[in-house]
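So you can see what is in the structure, the chains are spelled out below.
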Amino acid sequence: MRPITALVLAATFLASLCVPSSAFGSDAMFGAVGILHQKTSHSRRKLRRSLAQSVEFGPFYFDQKLDHFHINTTTFRQRYWVNSNHYKANGPVIFYNAGETDATERGGYVLNSTMHDLAQSLQGIVVVIEHRYYGESTPFSNYTTENLRFLNTDQALEDMANFIRTVKVTFPPSYSKSHHTPNPIVSFPRTNNCISRQFPNLSFTLPPASHTPWIVYGGSYSGNLAAWMRKKYPDIVFAAVPSSAPVEARVDFWQYFEPIRRYGPKKCIDAIVSTVDQVDQILFGKDENAKANLYAKFGLTGLKYDDDFASLISYPLGNWENIVPGDNPFIDFCTIFNNSTTPAEYFDTYAEYLKALIVEADCPPGGIDACFTTHNPESSMYTDVTSPYRAWTYQTCTEYGYWEDAAPKGHTSLLSRKFDINWFQRQCHLTFGEQSITSLANVEDFNRRYGGWNVKLTRTIWVDGEWDPWRELSVQSPNAPKRRSTTTAPLVLIPQAVHHWDFDTGPSVPGTVKQAQVEILGALQSWLKHYYHAHNIEFRFQILRT
């Protein structure tokens, strides 16, 4: 998911919120931290995998309905990628929605990802589809509030269902049903206004969804989509693998920071907590000179609002979700405290670190407030309707919340308590208008409709990282109703892993992740064997290579 740590002008979790974090990793963050992230992100960005692609695998385009639930003939071009190199007749389709991001990079998952490896082992096809309103799959030329009205969960899920029902992967005349083919032709019938590609003299077509097992895989927000597809369309979705999926929508998501507090290096966490406590003593006090000195110490003289200050000093916490095998930016951040031992030294060290980042942001002289304020209605962050970040912001404002704010009193907080949900909600109003965003997202109603923590699904593999902040809203959250791992709904918890680590493949992947991937494959093979037996289909899987 795009992460929304202190932040999202559209976030994930995510992320990986997803800097591969998604609800979830986030290329776009609310307000001040988002601005700082954009201004300084060139200093550190490490790709987790090589995603070399070939035009043989796409992108292709599908004429998708803009509105599935009312009479409307308008369509938009939805982008996707396909790899059928490992397909054998009656094999499954591994279907991945790229979620809240431009899917250009994630299109490479058809060649390099766990989804690809599953398709290889199960002798199936892997498909990556871009989410509506992201990348090239945007129905309109801008993201005005009016244009965003078709961006919601129901429409996104029906996009996937419509694709499953309508797509036909057709193979050339030379194709033999008992062998593999590297060159599928993707076509669509001339019905339902879905004409994308048509070729003559076709000899074999992928059976319809009722006779082809479709397995929806997803991570972070797209993990939610995988679970919700299995819930809403069990007739066409054979199985689902929701990874790092925060299915419990929540506005006040202060628990996001609890894994950092629990599992982060003790000295580093103590230093952060101590600094935040000292900051709050000043911010909630009445000494204006002390507050002015505080702002100056962090390099933020001229900033007008305490909540923007609180947001900015939370910036280093975003490093946690970006931990990947072999690269831990949070530990790197924590080294700043190596030579500090007292609360005063922690405070000074933290302030020096943040001040250096503010300098790196290169705001114009005297322009700190103009650079980082979230209170100015005329700011381009609110008025630029061409910004793609508005899409995820709209989704969080209208349906999911996922606002990562300070812990309530009585709980240890890694963030200043000046940083609360009002900071987020104000940005919703300024971005989309108070008449359009009249209240907080109704997450209670959303969770009733989609199940939240209480969703019960069969043939669904729930995968989480033990240290993932988004696990706090997944079905494996320590706070969720207890459930047992079963053969029809296995629970896979990867020790010391963060945001959907199961996506990665290759020699650098830890053994714990490889074990999780073996469990995922084993469960899918078991369910597919039952399926093939019930349908009198002879089918042999590839031998798993370790």
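Quick caveat, the model's predicted, so the values are computed rather than measured.

*Asks:* Please explain the packing of helix H3 (residues 153–166) against helix H4 (residues 221–232) as it appears in this structure.
*Replies:* Packed helices, taken two at a time, are described by their axes: the angle between them and the distance between them. Remark: H3 packs on H4, axes separated minimally by 10 Å, with the N-to-C direction vectors making an angle of 70°. The pairing of H3 with H4 is recorded here as roughly perpendicular in orientation. H3 and H4 meet at a crossing whose hand is right-handed. Side by side, H3 and H4 meet where Thr153, Asp154, Ala156, Leu157, Met160, Ala161 and Ile164 of the first sit next to Tyr221, Leu225, Trp228, Met229 and Lys232 of the second.

*Asks:* Just to check I follow, could you spell out unusual backbone geometry for this structure?
*Replies:* Cis rather than trans, the peptide bond between Gly58 and Pro59 has omega equal to 15°. Within the fold, Pro59 resides in the loop between helix H1 (31–40) and strand S1 (60–65). Even without glycine at this site, Asn90 takes up a positive phi of about 80°. Unlike most non-glycine residues, Asp362 shows phi in positive territory, near 60°.

*Asks:* Is there a simple way to explain the packing of aromatic side chains in this structure?
*Replies:* In this description, an aromatic ring pair is defined by two values, namely the gap between the centres and the angle between the planes. Following the criterion strictly, the structure yields 47 aromatic pairs and no others. Measuring from ring centre to ring centre gives 5.4 Å for Tyr96 and Tyr109, while their planes differ by 55°; the resulting arrangement is tilted. Taken as a pair, Tyr96 in strand S3 (residues 93–97) and Tyr109 in the loop between S3 and helix H2 (114–122) lie far apart in primary sequence, 13 residues in all. With a centroid separation of 5.1 Å and 45° between ring planes, the pair formed by Trp228 and Tyr450 is classed as tilted. With Trp228 in helix H4 and Tyr450 in helix H15 (residues 443–450), this residue pair connects regions lying 222 residues apart in the sequence. Considered together, Trp228 and Tyr450 belong to a single accessibility category, that of buried residues. Here the basic side chain of Arg459 rests over the ring of Phe238, its NZ or CZ set 4.3 Å away from the ring centre.

*Asks:* Could you clarify how one ought to interpret the pairing of strand S2 (residues 75–83) in this entry?
*Replies:* Within a regular strand, the side chains alternate between the two sheet faces. For S2, the tally of buried residues reaches 7 of 9 residues, placing the bulk of the element in the interior. As paired strands, S1 and S2 are joined by 6 bridges and run antiparallel to one another. Paired with Phe60 across the bridge in S2 is Tyr80.

*Asks:* Is there a simple way to explain the side chain of Thr114 in this structure?
*Replies:* Relative to the helices and strands, Thr114 is located in helix H2. A distance of 2.3 Å separates a polar atom in the side chain of Thr114 from the backbone oxygen of Asp502. Every residue in contact with Thr114, bar those within four places of it in the chain, is listed here: Tyr217, Asp502, Phe503, Asp504, Thr505 and Gln517.

*Asks:* In this structure, what is going on with the confidence of the model for the chain? I would like to understand it.
*Replies:* Low pLDDT marks stretches whose predicted atomic positions should not be read closely. Put simply, the chain has an average pLDDT of 87, and 82% of its residues get 70 or more. Across residues 39–52, confidence stays below pLDDT 50; counting only partners more than four residues off in sequence or on other chains, it has 33 contacts. A low-confidence stretch, residues 177–183 stays under pLDDT 50, and its non-local contacts, those more than four residues away or across chains, total 21 contacts.

*Asks:* Help me understand the nonpolar core, please; the structure alone is not making it clear to me.
*Replies:* Grouped burial of nonpolar side chains is what soluble globular proteins tend to show. Core analysis: the biggest nonpolar cluster contains 153 residues, and Ile272, Phe298, Phe309, Phe330, Phe372 and Leu524 have the highest contact counts within it. In terms of residue count, the dominant contributor to this core is helix H16 (residues 511–534) (10 residues). Split by domain, the residues of this core number at least three in each of domain 1 (47–171 + 196–247 + 452–545) and domain 2 (251–440). Ignoring sequence-local partners within four residues, the contact set of Phe309 consists of Val279, Leu283, Leu294, Tyr295, Phe298, Leu300 and Leu303.

*Asks:* In this structure, what is going on with the environment of Ala497? I would like to understand it.
*Replies:* By secondary structure assignment, the location of Ala497 is in the loop between strand S13 (491–494) and H16. Its relative accessible area of 0% is what places Ala497 among the buried residues. Taking the C-alpha atoms as reference points, Ala497 and Pro510, separated by 13 residues in sequence, lie 9.4 Å from one another. With residues near it in sequence (within four places) discarded, Ala497 still touches Gly465, Glu466, Trp467 and Asp468.

*Asks:* Help me understand H3 in this model?
*Replies:* An α-helical turn contains 3.6 residues, so any two residues separated by three or four positions project in the same direction. With 14 residues, H3 extends 20 Å from end C-alpha to end C-alpha; this agrees with the ideal 20 Å at 1.5 Å per step. Buried within H3 we find Thr153, Gln155, Ala156, Leu157, Glu158, Asp159, Met160, Ala161, Asn162, Phe163, Ile164 and Thr166. A distance of 3.2 Å separates the backbone nitrogen of Asp154 from a side-chain oxygen at the start of H3, and that oxygen is part of Asn152.

*Asks:* I'm lost on the state of the cysteines in this one. Help?
*Replies:* All told, the structure shown has 3 disulfides when counted by the stated rule. Disulfide partner of Cys363: Cys371, at an S-S distance of 2.1 Å. The disulfide joining Cys363 to Cys371 has a torsion of about -75° about its S-S bond and is therefore left-handed. Among the residues examined, Cys363 registers a relative accessible area of 16% and is labelled buried. Look at Cys371 and you get buried, because its relative accessible area is 10%. Across the disulfide, Cys397 is cross-linked to Cys428 (sulfur-sulfur distance 1.9 Å). For the disulfide bridge between Cys397 and Cys428, the dihedral angle about the S-S bond is near -85°, and by the sign convention the bridge is left-handed. Here the residue Cys397 occupies a position in helix H13 (residues 390–400), and Cys428 occupies one in helix H14 (residues 421–432), the gap between them amounting to 31 residues. Here the two residues Cys397 and Cys428 agree in accessibility, since each one is buried. The cystine pairing of the chain, numbering bonded cysteines in sequence order, is 1-2, 3-4, 5-6.

The rules behind the values
- Residues numbered from 1 in each chain as written.
- Predicted model: local features only at pLDDT ≥ 70, side-chain atom pairs only at ≥ 80, totals over all residues.
- Heavy atoms only, no water.
- Axes fitted to C-alpha atoms, helices over the stretch in contact; angles between N-to-C directions.
- Helix = DSSP H or I, 4+ residues; strand = E, 2+ residues; numbered from the N terminus.
- Parallel < 35°, antiparallel > 145°, perpendicular 65-115°, else oblique.
- Left-handed = near helix turned anticlockwise from the far one by under 90°.
- Contact = heavy atoms within 4.5 Å.
- Phe/Tyr/Trp six-rings, centres within 6.5 Å; stacked < 30°, edge-to-face > 60°.
- Buried < 20%, exposed > 50% of the residue type's maximum accessible area, 1.4 Å probe, protein only.
- Lys NZ or Arg CZ within 6 Å of the ring centre and 35° of its normal.
- Pairing = 2+ DSSP bridges.
- Polar contact = N/O pair within 3.5 Å; in protein donor to acceptor, adjacent residues only side chain to side chain.
- pLDDT = per-residue confidence, 0-100.
- Core = buried A, V, L, I, M, F, W, Y, C linked by side-chain atoms within 4.5 Å.
- Domains from an automatic or database assignment.
- Expected span 1.5 Å × (residues − 1).
- Disulfide = S-S within 2.5 Å.

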